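# Coordinate analysis (summary)
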Amino acid sequence: MPVYKLDNTKYPKNMEYTLSIIKPDGIRRNLSGKILAMIQDAGLEIVAQKLIHLTRAQAEKFYAVHAERPFFNDLCSFMASGPVSVQVLKSNNAVSKYRELMGATNPKESSEGTIRKAYGLSIDENTVHGSDSVENAKIEIALLFSSLELFA
């Protein structure tokens, strides 16, 4: 299957793509619609979306950057514990815009109006994931979407 190359050349210089994941805790609590509304209200365009159930191996590959961290096994088990909703978002400065909308990793430290403040249960079940850089967004998107699934 071909790997999709995100083409930023036809957009303004600061147009970016980022990956969003509504984690298993958000799906179990039926929060997808509310979270997607927050994403769109923040000016982020959803250019791809699907519901998937990650295998343990997929979760390990996705979070490989954290493989040496003490929380790696628990994180991978959690991410494989149920379906997740994955989206590709497009906007000017999408990475920083979405990270601001998500809020701090620990919902207790998140600002009002953020997804994690509104819906996060704990530092482990914080409801959403977002890419932390443009480079990582490209890698993460390529892991979860084929070129046929992207409408950028």
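Residues numbered from 1 in each chain as written. Predicted model: local features only at pLDDT ≥ 70, side-chain atom pairs only at ≥ 80, totals over all residues. Heavy atoms only, no water.

A word on the overall build of the chain. Helix and strand counts for the chain come out as seven helices and four strands. Starting at the N terminus and ending at the C terminus, the chain contains elements arranged as β-α-α-β-α-α-β-α-α-β-α. In summary, the chain has a C-alpha radius of gyration of 15 Å against a globular reference of 15 Å for 152 residues, a match within 12%. Restricting the contact set of the chain to residue pairs at least 6 apart, pairs at least 24 apart contribute 74%. In the form shown here, the chain has an accessible surface area of approximately 8,100 Å², with 52% of it arising from carbon and sulfur atoms. For the chain, the centre of its 18 positive side-chain charges and the centre of its 17 negative side-chain charges are spaced 2 Å apart. (Helix = DSSP H or I, 4+ residues; strand = E, 2+ residues; numbered from the N terminus. Rg over C-alpha atoms; globule rule 2.2 N^0.38 Å. Contact = heavy atoms within 4.5 Å. Areas by Shrake-Rupley, 256 points an atom, 1.4 Å probe, with all protein chains shown as cover. Lys, Arg positive; Asp, Glu negative; His and termini not counted. Charge placed at Lys NZ, Arg CZ, Asp CG, Glu CD.)

Looking now at the pattern of salt bridges. A side chain of one charge can pair with a side chain of the opposite charge if their charged atoms are brought near each other. The final tally for this structure, using the stated rule, is five salt bridges. A salt bridge links Arg28 to Glu125; its shortest N-O distance comes to 3.4 Å. With Arg28 in helix H1 (residues 24–28) and Glu125 in the loop between helix H6 (115–119) and strand E4 (128–130), this pair connects stretches of sequence that are 97 residues apart. On the basis of relative accessible area, Glu125 is assigned to the partly exposed category, the value being 25%. Between Glu60 and Arg56 there is a salt bridge, with its nearest N and O atoms 2.7 Å apart. (Salt bridge = Lys/Arg side-chain N within 4 Å of Asp/Glu carboxyl O. Buried < 20%, exposed > 50% of the residue type's maximum accessible area, 1.4 Å probe, protein only.)

Our next topic: the sheet that holds E4. Read from one edge of the open sheet, four strands run E2-E3-E1-E4, paired in antiparallel fashion. Pairing within the sheet leaves two strands with one partner each, and these edge strands are strand E2 (45–52) and E4. Geometrically, the sheet is characterised by an average inter-axis angle of 20° between neighbouring strands, direction not taken into account. Of the pairings in the sheet, the one linking strand E1 (residues 15–22) to strand E3 (residues 84–92) comprises eight bridges and is antiparallel in character. (Pairing = 2+ DSSP bridges. Axes fitted to C-alpha atoms, helices over the stretch in contact; angles between N-to-C directions.)

What follows concerns helix H7 (residues 134–144). All buried positions along H7 are accounted for by Ala137, Glu140, Ile141 and Leu144. The buried residues of H7 occupy an angular sector of 100° when projected down its axis, which confines them to one face. Residues of H7 that are exposed and point over 90 degrees away from its buried face: Glu135 and Ile139. Against the buried residues of H7 lie E1, E2, helix H3 (56–62), E3 and E4. (Arc of directions from axis to C-beta.)

The analysis is restricted to geometry; functional conclusions fall outside its scope.
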